[in-house]
Amino acid sequence: MKIGIPKEIKNNENRVGMTPAGVAEMVKHGHSVMVQHTAGEGSGFSDAEYEKAGARILPAIEDIYREAEMIVKVKEPIEPEYKLIRKGQLVFTYFHFACERELTDAMIASGAICLAYETVQLPGGALPLLQPMSEVAGRMATLNGAYYLQKTQGGKGKLISGVPGVSPARVLVLGGGVVGEAAARMAAGLGAEVTITDISLPRLRQLDIETPANVHTLYSSSHNICEQLPNVDIVVGSVLVPGDKAPHLITKEMLRLMEPGTVLVDVAIDQGGCFETSHPTTHSEPVYTLDGIVHYCVANIPGAVPHTSTLALTNATLRYALALADKGWRQACKDDPALAKGLNIVEGQVTFKAVADVFHLPYTPIDL
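Residues numbered from 1 in each chain as written. Predicted model: local features only at pLDDT ≥ 70, side-chain atom pairs only at ≥ 80, totals over all residues. Heavy atoms only, no water.

Here we look at the sheet that holds strand β10 (residues 234-237)
If you trace the seven strands from one edge of the open sheet to the other, you get β9-β8-β7-β10-β11-β13-β12, paired in mixed fashion. Unpaired on one side and paired on the other, β9 (215-219) and β12 (287-290) mark the two borders of the sheet. Each strand axis lies, on average, 20 degrees off the axis of its neighbour in the sheet, ignoring direction. Where helix α6 (residues 131-148) meets the sheet, it contacts β10, β11 (263-266), β12 and β13 (293-296), and its direction lies at approximately 155 degrees from that of β11. Packing against the sheet, helix α8 (residues 201-210) makes contact with β8 (193-198) and β9, and its axis sits at approximately 170 degrees to β9. (Pairing = 2+ DSSP bridges. Helix = DSSP H or I, 4+ residues; strand = E, 2+ residues; numbered from the N terminus. Axes fitted to C-alpha atoms, helices over the stretch in contact; angles between N-to-C directions. Contact = heavy atoms within 4.5 Å.)

In structure tokens form, the structure reads like this:
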């Protein structure tokens, strides 16, 4: 199969869809890999490294899309890429369709096969291709929250760890999944007092046993969240409904409960955000202040640490990319039900129910 790895063009997105080591594995399996010129530079991988791994370097993004049968990338295509994607082409990436109608319509019109990393799901519910970036995003959420808590950045002027004789910051983490646990562990490691919420009692029990002593668990309800808000310094929003829009756990009215300079970090922003007042921001303009509350809503948080992120992502995606290339997408998805759940749009038909429901579009089960 001909595999194309384009350079990411989203704002400040320096990750790349595959490492040179991943390319070498694809070539070892007999596939042809094309990498756009300088695609890996932001992650610390040179064209020479890709060539040594067996890739062919092409000068422009148009060349990659024109020649490739399968596109492997990191972030969802943006408007300049829509016209480059063609009927029957397999696009393997993060899509997050449920919060982007324009992208959804464009991919339906393209006739491409859109296989989304974030909805590949194992029988137990784990999301293996979302997990590595969730681990990065959770850790980064705490670090960014701590940074914007500084007075010079619009925050309260608190040091997250405190110092001897001075209390540490209080961090509230909404959602006890991979992102939430990573955020809580990072905050606890920095010395903060942490509360993590979830609606699953078994998950709360697990977190209570496995996290440090300065992490406290709390059942997630609007009442309990409202009781916490007057005393917190950082709120990390990390709730996830796979493939669907995130629920709003903090409304605009609830901002009044918090002290000015409180920092909200919305890791769920690429699924629409879990704070009502959130809107996507970029690494070049990451924050805005509303009613005295600092909002950090960068949609590609792991893009700030692209070397780590690209290595972690390729570690997770490579086995699935190899299956798709070796067998073709139809057979690979027949053989692996977890991979089949990644199919969101196939040749103009919406095959993921949550995406169809959110936009009131016709739904076609993938087995049809």
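After presenting the structure, the write-up continues.
Here we look at the layout of surface pockets
A probe matching the size of a water molecule, rolled over the atoms, marks out where space remains unfilled. In this structure, the largest pocket spans a volume of roughly 940 Å³. If you go around the largest pocket, you meet 43 residues; those closest to its centre are G177, V179, S238, V239 and L240. With four residues, α6 is the single largest residue contributor to the lining of the largest pocket. Classifying every residue of the lining of the largest pocket gives 21 nonpolar, 16 polar and six charged. Counted as a void, the second largest pocket has a volume near 410 Å³. Lining the second largest pocket are 25 residues, with K10, E76, E100, P280 and A299 positioned closest to its centre. Per-element tally for the lining of the second largest pocket: the top contributor is helix α4 (residues 79-82), with three residues. (1 Å grid on protein atoms, 1.4 Å probe; cavity = no way out; pocket = protein on both sides within 12 Å on 5 of 7 lines; lining within 4 Å. Points joined across faces, edges and corners; volume = space filled by probe spheres on them. Nonpolar A, V, L, I, M, F, W, Y, C, P; charged D, E, K, R; others polar.)

Examining the nonpolar core
Core analysis: the biggest nonpolar cluster contains 72 residues, and V23, M26, L115, V194 and L324 have the highest contact counts within it. Ranked by residue count, the leading element in this core is helix α10 (residues 306-327), at eight residues. Ranked by size, the runner-up nonpolar core spans 27 residues in total, among them L84, L103, A356 and L361. (Core = buried A, V, L, I, M, F, W, Y, C linked by side-chain atoms within 4.5 Å. Buried < 20%, exposed > 50% of the residue type's maximum accessible area, 1.4 Å probe, protein only.)

Quick look at the pairing of β13
Neither face of β13 is exposed, since I293 and H295 on one face and V294 and Y296 on the opposite face are all buried. Where β11 meets β13, three bridges bridge the pair, whose relative direction is parallel. Note on β13: the bridge partner recorded for L264 is H295. As defined by bridge partners, β12 adjoins β13 across four bridges and the pair is classed as antiparallel. The partner of L290 across the bridge, within β13, is I293.

Focus on the packing of aromatic side chains
A ring pair, where both rings are aromatic, is described by two values, the distance of the centres and the angle of the planes. A complete count under the given rule lists five aromatic pairs for this structure. An angle of 90 degrees between the planes, with centres 4.8 Å apart, marks the rings of Y94 and Y117 as edge-to-face. Of this pair, Y94 sits in the loop between β5 (90-93) and α5 (101-110) while Y117 is found in the loop between β6 (113-116) and α6, placing the two residues 23 residues apart along the sequence. One exposure class covers both Y94 and Y117, and it is buried. Ring centres of Y148 and Y296 lie 5.8 Å apart, and the angle between their planes is 40 degrees; this geometry places the pair in the tilted category. Of the two residues, Y148 sits in helix α6 while Y296 sits in strand β13, which places them 148 residues apart along the sequence. In this pair, the class of Y148 matches that of Y296, namely buried. (Phe/Tyr/Trp six-rings, centres within 6.5 Å; stacked < 30°, edge-to-face > 60°.)

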